[in-house]
Amino acid sequence: MTANLAARLTETLPAGRIIEDPALVAAQATDSSRHPAPRAELVVRPRSAEEVAAVLRVANETGTPVVPQGARTGLVGGSAAIEGAILLDLTSMDAILAIDVAEGTAVVQPGVIVADLQRAAAARGLFYAPDPASAEWATIGGTIATNAGGMRCIRYGVTRDAVLSLQVVLADGSIERTRPATVKGVAGLDLTSLVVGSEGTLAVVTEATLRLLPAPGPARGVLGLFPSTAAALAAAAAITSGSRLPSTLEFLDDTALRGIRIARPEIPLDPDARSWLLAVTDSLEGADHDLDHFSAVFAEHGALSVTRADDEERLDDLLAARRALNPGLQVLWGDATHGDLAVPRSRLAEFASEAERIARETGAEISLAGHVGDGNLHPTVVYDGSDPVATEAAHRAAAELLRLAQSLGGTVAGEHGVGTLKLDDVDGELSARLRGLQREIKRVFDPRGILNPGRKL
Ligand SMILES: Cc1cc2nc3c(=O)[nH]c(=O)nc-3n(C[C@H](O)[C@H](O)[C@H](O)COP(=O)(O)OP(=O)(O)OC[C@H]3O[C@@H](n4cnc5c(N)ncnc54)[C@H](O)[C@@H]3O)c2cc1C
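Nothing here was measured: the structure is a model prediction, and the numbers come from that model. One numbering rule holds for all chains: residues counted from 1, following each sequence as written. Predicted model: local features are reported for residues with pLDDT of at least 70 only, side-chain atom pairs are reported and counted for 80 or more only, and whole-chain, interface and lining totals are derived from all residues. Heavy atoms from the whole structure form the basis of all side-chain values; hydrogens and water molecules are not counted.

What follows covers the overall build of the protein chain. What the protein chain contains, in helices and strands, is 16 helices and 21 strands. The reference for a compact globule is 2.2 Å times residues^0.38; the radius of gyration itself is calculated from the C-alpha atoms. Taking 23 Å as the expected radius of gyration for a compact globule of 457 residues, we find that the protein chain reaches 23 Å, a close match to that expectation. Across its three principal axes, the protein chain shows a C-alpha extent of roughly 70 × 60 × 45 Å. Only protein chains enter the accessibility calculation, which uses a 1.4 Å probe; a residue whose area is less than 20% of its type maximum is buried, one above 50% is exposed, and one in between is partly exposed. Relative to its 457 residues, the protein chain shows a buried fraction of 52%. In the protein chain, the proportion of contacts linking residues at least 24 apart, taken out of those at least 6 apart, comes to 72%. Areas reported as accessible are Shrake-Rupley estimates using a 1.4 Å probe. Residue values count occlusion only from the protein chains shown. In the form shown here, the protein chain has an accessible surface area of approximately 19,400 Å², with 53% of it arising from carbon and sulfur atoms. Considering the protein chain, the positive charge centre built from 42 side chains and the negative charge centre built from 59 side chains are found 3 Å apart. A helix here means a DSSP run of H or I that spans at least four residues, while a strand means a run of E at least two residues long, and both kinds are numbered starting from the N terminus. Throughout, a contact is declared for two residues whenever any of their heavy atoms are within 4.5 Å. Positive residues here are Lys and Arg, negative ones are Asp and Glu, while His and the chain termini are left out of the count. Positions of charges follow a simple convention, taking NZ of Lys, CZ of Arg, CG of Asp or CD of Glu.

Right, dumping it as structure tokens:
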């Protein structure tokens, strides 16, 4: 099979695109979930849409699965190898083709790193809003395919909101553009939005026309330290329902703060603080009023302290605790389960108090942290993996948190995608009829089921 497949691909691709060395293929087998993955056949690194099309034609004819890969920072196994698959590594297609100031758009290949586009846009006085924490590594193609979120969604929306038009290669190798790159346009069904977030199961993105915004003002913020989770979440609710929307609203709970104090003792954190809430503004006009408003809301909700950062450097200092979240949680017990839930913002407080009940009943230690401005939490259950009882309790607690989010009208997949790791979990929120309908849509796009089969749907 390998020899045949490689021979077929070699006939159609320029030299140097195919990697067959088993060690090199294995090195690209997993994503950042580090979940074990089976053996793929080979890696192809195309350099154009035509080369992607050539690969898909061979795959379609031979019934070979294809796994599109960006930077493999995905956390749900979506870009991990499938047995016998072609790993279609798009990172060599990394050109920023145009930044058009008049249109307010960028045209980019899928392998462009998100932060590189942000910097290129900034150099022209423009702003690419999507900002996942992985922006220095993740690709535009991967973030489009997962509809990635991040810290600025409360004001700017998710990746979908920045995508105007896509060039895609379909499973049969045809190259199509999903829509004209106009601001408005309603001809036909919205296939751009359908491809965004489809995790490589419907088409391969080979070029994107993305919306750029005028550059915002410098980011500034206010940090509130609170005596309880309930107080911080009440302050967050007052801000999200108020008239001054922050660009970022991040939250850390008591467990997270405990770990951060151990892992990064140099970060000043009041020992009495039981939760942490940071509101950021990047308003060009009225930023001072935004900060006054956030400070007043924090004080009204019983903040132990309110610290204001009037420039980006001081804001960066305040963000140190948020950046230390993962090292902090790791230092507590060593092992952890990671979640990516979203609930309606008005139900965050209820979620947090029910999570406390789950922690009490299971004996597991749960940390809640995340983008509360979007109702998007990344709950972490920390545990000692050498203790089977603790391990079982942690996994039981993690599963209960998923069901809790769904029972409150939320989702188990806020921004990281479904991949393989959450396939079973989404049953709790999508009906069998709707899941069936989605698989029928997949069959229309990809009748032989070669594109990232067994994922997302
Ligand atoms: C430290 C860290 C922080 C993170 N922070 C965030 C965050 O704040 N917000 C967030 O949403 N996520 C976050 N993530 C998750 C991850 O970065 C995102 O899911 C990101 O969008 C993946 O991009 P990637 O280039 O690594 O894609 P990959 O992981 O390589 O692929 C992800 C999915 O996209 C598909 N795909 C990739 N390229 C294409 C293409 N050109 N055409 C079609 N399908 C394609 C793959 O098949 C796979 O299903 C984080 C991950 C890490 C490790």
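Okay, the sheet that holds strand E21 (residues 380–383) next. Within a sheet, adjacent strands bond to each other through the backbone by hydrogen bonds, running parallel or antiparallel. Strand order in the open sheet made by the three strands is E16-E21-E18, with antiparallel pairing throughout. Of all strands in the sheet, those with a lone pairing partner are strand E16 (335–338) and strand E18 (365–367), marking the two edges. Averaged over all pairs of adjacent strands, the angle between strand axes in this sheet comes to 25°, irrespective of strand direction. Two strands form a pair only when DSSP identifies at least two bridges running between them. Note: E18 against E21, three bridges, orientation antiparallel. For Glu 365, the partnering residue across the bridge sits in E21 and is Val 382. As a rule, the C-alpha atoms of each element are fitted with a line to give its axis, helices using only the stretch in contact, and angles between N-to-C directions run from 0 to 180 degrees. Relative to E21, helix H13 (residues 325–333) is tilted by about 35°, and along the sheet it contacts E16, E18 and E21.

By the secondary structure assignment, Thr 206 is in strand E10 (residues 204–211). With relative accessibility at 1%, the residue Thr 206 sits in the buried group. Leave out the neighbours within four places in its chain, and Thr 206 touches Ala 49, Val 52, Met 93, Gln 109, Pro 110, Gln 167, Val 168 and Val 169.

Here the focus is the nonpolar core. By convention a nonpolar core is built from buried Ala, Val, Leu, Ile, Met, Phe, Trp, Tyr and Cys residues, the set being connected through side-chain atoms within 4.5 Å. Membership of the largest hydrophobic core comes to 43 residues, with the highest contact counts inside it found for Leu 277, Phe 351, Val 372 and Leu 401. Every element with two or more residues in this core is listed here: strand E12 (220–226), helix H8 (229–240), strand E13 (248–252), strand E14 (275–281), helix H10 (287–300), helix H14 (348–362), E21 and helix H15 (388–407). Per element, the largest residue contribution to this core is seven residues, and it comes from H15. In contact with Leu 277, not counting residues within four places along its chain, are Val 222, Leu 223, Gly 224, Phe 226, Ala 232, Ala 235, Ala 236, Leu 249, Glu 250, Phe 251, Phe 298 and Val 372. Core analysis: the next-biggest nonpolar cluster, separate from the first, contains 25 residues, Ala 219, Ile 267, Ala 273 and Ala 320 among them.

The next thing to look at is the pattern of salt bridges. One side chain can pair with another of opposite charge once the charged atoms of both are near each other. Criterion for a salt bridge: a side-chain nitrogen of Lys or Arg within 4 Å of a carboxyl oxygen of Asp or Glu. Tallied over the full model, the rule gives 26 salt bridges. The shortest N-O distance in the salt bridge between Glu 207 and Arg 177 comes to 3.2 Å. Remark: Arg 177 occurs in strand E9 (residues 175–177) and Glu 207 occurs in strand E10; sequence separation between them is 30 residues. For Asp 288, the salt bridge is made with Arg 308, and the minimal N-O distance between the two is 3.5 Å. Of this pair, Asp 288 sits in helix H10 while Arg 308 sits in strand E15 (residues 305–309), placing them 20 residues apart in sequence. Residue class for Arg 308 comes out partly exposed when judged on its relative accessible area of 25%. One salt-bridge network, held together by shared partners, links Arg 220, Asp 288, Asp 292, Arg 308 and Asp 310.

Another aspect to go through is the pairing of E12. Summarising burial for E12: seven of the seven residues are buried, a large majority. By the alternation rule, side chains of E12 split into Arg 220, Val 222, Gly 224 and Phe 226 and Gly 221, Leu 223 and Leu 225, which are all buried. As paired strands, E12 and E14 are joined by seven bridges and run antiparallel to one another. Pairing of Leu 225 across the sheet is with Trp 276, part of E14. Summarising the sheet, E12 and E15 pair through five bridges and their orientation is antiparallel. Directly across from Val 222, in E15, lies its bridge partner Arg 308.

Further remarks concern a negative patch on the surface. On the surface, Asp 311, Glu 312, Glu 313 and Asp 317 cluster together to form a negatively charged patch. Assignment of secondary structure puts Glu 312 in helix H11 (residues 312–318). Think of a patch as exposed residues, more than 30% relative accessible area, with no salt bridge, where like charges cluster within 9 Å and nonpolar side chains (Val, Leu, Ile, Met, Phe, Trp, Tyr) cluster within 5 Å.

Next up on the list: the domain arrangement of the protein chain. What fixes the domain bounds is an automatic or database domain assignment. For the protein chain, the assigned domains are domain 1 (2–89), domain 2 (96–214) and domain 3 (220–407). Each of domain 1 and domain 3 has a C-alpha centre, and the two are 39 Å apart.

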